[in-house]
Amino acid sequence: MSEILTEQLEVELDGESLTLEQMVAVARHGAKAVLKTEAKEKVLKSREFVEQLIKDNKSVYGITTGFGMFSNVVISTDDAKKLQRNLIMSHSTGVGEPLSAEVVRGILLLRANALAKGFSGIRLSTLETLLKVLNTGIVPVIPEKGSLGASGDLAPLSHMVLVLLGEGEAFYQGRRMKGSEALALAGIEPVALEGKEGLALINGTQIMTAIAALAVWDAELLWKSANITAALSMEALEGILDAFDPKIHAVRPHRGQMETAEQIRQLTFGSTYVAGKQRPRVQDAYALRCIAQVHGPSKDALEYVKKIVQTEMNSATDNPLIFPDAGEVFSGGNFHGQPIALAMDFLGIAAAELANIAERRLERLVNPNLSGLPAFLTPDGGLNSGFMIVQYSAASLVSENKILAHPASVDSIPSSANQEDHVSMGTIAARKARTIIDNAANVLAMELLAACQGVDLRERSGELRLGKGSIGAYRLVRSKVSMLREDRIMYPDIQAAKELVSSGKLVASVQASLED
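Residues numbered from 1 in each chain as written. Predicted model: local features only at pLDDT ≥ 70, side-chain atom pairs only at ≥ 80, totals over all residues. Heavy atoms only, no water.

S.K.: Outline the layout of surface pockets, supporting the account with residue identities and numerical values.
M.R.: Roughly 330 Å³ of volume is contained in the largest pocket. In terms of lining, the largest pocket is formed by 21 residues, of which the most central are Y61, S151, N319, F335 and E420. A breakdown of the residues in the lining of the largest pocket according to their chemical character gives seven nonpolar, twelve polar and two charged. (1 Å grid on protein atoms, 1.4 Å probe; cavity = no way out; pocket = protein on both sides within 12 Å on 5 of 7 lines; lining within 4 Å. Points joined across faces, edges and corners; volume = space filled by probe spheres on them. Nonpolar A, V, L, I, M, F, W, Y, C, P; charged D, E, K, R; others polar.)

And the structure:
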């Protein structure tokens, strides 16, 4: 999952088999999305059934009735189209900064994939217009705040649909403009919604799920990067490798713990920086000795979350759902975001813990009473402050993460006159998790720089050598950031190291080193 996806130029959608890798290829790297033939057939069959329901004037939620508390209000056949347009207009109440282009592209893709399952009753032409917006590079302006995470991501998804109608705003060709202008420039005709279509487009979990999918992708890179920075810190601090002996982990066989220990052994294989037979102490502090027992559970959490997100990516999450083969329509609750809400709270906690222990390793690196290295990793302390305030910044970020790690999913507030009396706050949970992951990546960048500095300060004889994997990380860092010999402006160094972590370049460099 750490590879940068550039080869997959087109992703076929059937509502059943979209992978995380494909989602990232479209959202982040510009791959196109098209419908499979069988998906088109399912969409057409579902739509035929909806049109028959409208023709027969059947009482079906959201098709011939109002929404939420107004579900008992019957809507005439003549007003069915106006009902759908009014739904979009009235529900476009989001606030805050626009979601990023990659998240919005992910939203468009996931909504199209859900509709491709054939249980939503949308017209094929409307679905194809949605894909045209995605594939031509139009990015609807979707405010980040305003979803309760149940009845779907109603408010933010309405802003997406506004652009399909030639309303709202979009980013296109490098500027922000009216939705109508973006469609005209791209040669796309606006959609005139018909019965059920407005509800089909906005009653789903695609905002939270798009954010969640990208967060999961980035969190896996974060976990691998945390093992790399930890290994370098082990070397800079002359850590004792006994704690990673496979026999220890075989008697407590949590998968993530065992994987972490194995990675640390691989990364430090052949290193002469780690403690040898002549050891300065009997055992290390927890921040070193318990790396496997802390990083490992975060990996286990990540694997659980990934399964939840991949399932949600291929789910029908609107209401009502259309089952044309059975001739049935059911009102249910697949729009409720609780699976993603709980998963994202869990992911945020798991990522926060990677940052927590990394900051403790950073503290050990800069503290001369704990490291045996010059205070704050500067050769000329007093005149120079070295990494003193780098640790301050890391401490600030992990403290912020502790606040953000408070679960959103335990909160709920009634809405729609108590018709919708329990909601998930899943979109808030997903947004929080992404912020935590970004903060954690910055903390790992700081540890990475400090560990490389510690290695340089430890190496005085010219005879020490780094591990088979960690040497790749060290060389990559030193190709971008030089050793700190006297004080300089530090934030560009941190930004450069953060880019190595978040882009996957750090992981790729280590993998290449291990394969040599």
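Text resumes after the structure shown.
S.K.: Provide a residue-level description of the packing of helix α13 (residues 291-313) against helix α14 (residues 338-366), including the pertinent values.
M.R.: Angle between the axes and distance between the axes: these two values describe a pair of packed helices. Following both chains from N to C, one finds α13 and α14 inclined at 155 degrees, their axes separated by 9 Å at the closest point. Overall, the two elements α13 and α14 adopt an arrangement that is roughly antiparallel. The chirality of how α13 crosses α14 is left-handed. Contact residues: α13 offers I291, V294, H295, S298, A301, L302, Y304, V305, I308, V309 and E312, while α14 offers P339, I340, A343, M344, F346, L347, A350, E353, L354, I357 and R361. (Axes fitted to C-alpha atoms, helices over the stretch in contact; angles between N-to-C directions. Helix = DSSP H or I, 4+ residues; strand = E, 2+ residues; numbered from the N terminus. Parallel < 35°, antiparallel > 145°, perpendicular 65-115°, else oblique. Left-handed = near helix turned anticlockwise from the far one by under 90°. Contact = heavy atoms within 4.5 Å.)

S.K.: Could you give me a rundown of the pairing of strand β6 (residues 169-172), with the residues and numbers involved?
M.R.: Burial along β6 is one-sided: the residues A170 and Y172 are buried and none of E169 and F171 is. Both strand β4 (residues 139-140) and β6 contribute to a ladder of two bridges, which runs antiparallel. Paired with V139 across the strands is F171, a residue of β6. Sheet topology places β6 next to strand β7 (residues 175-178); four bridges connect them, and they run antiparallel. Following the sheet pairing, Y172 is matched in β7 by R175. Connecting the antiparallel pair β6 and β7 is a turn made up of two residues, with Q173 showing a positive phi of about 50 degrees. (Buried < 20%, exposed > 50% of the residue type's maximum accessible area, 1.4 Å probe, protein only. Pairing = 2+ DSSP bridges.)

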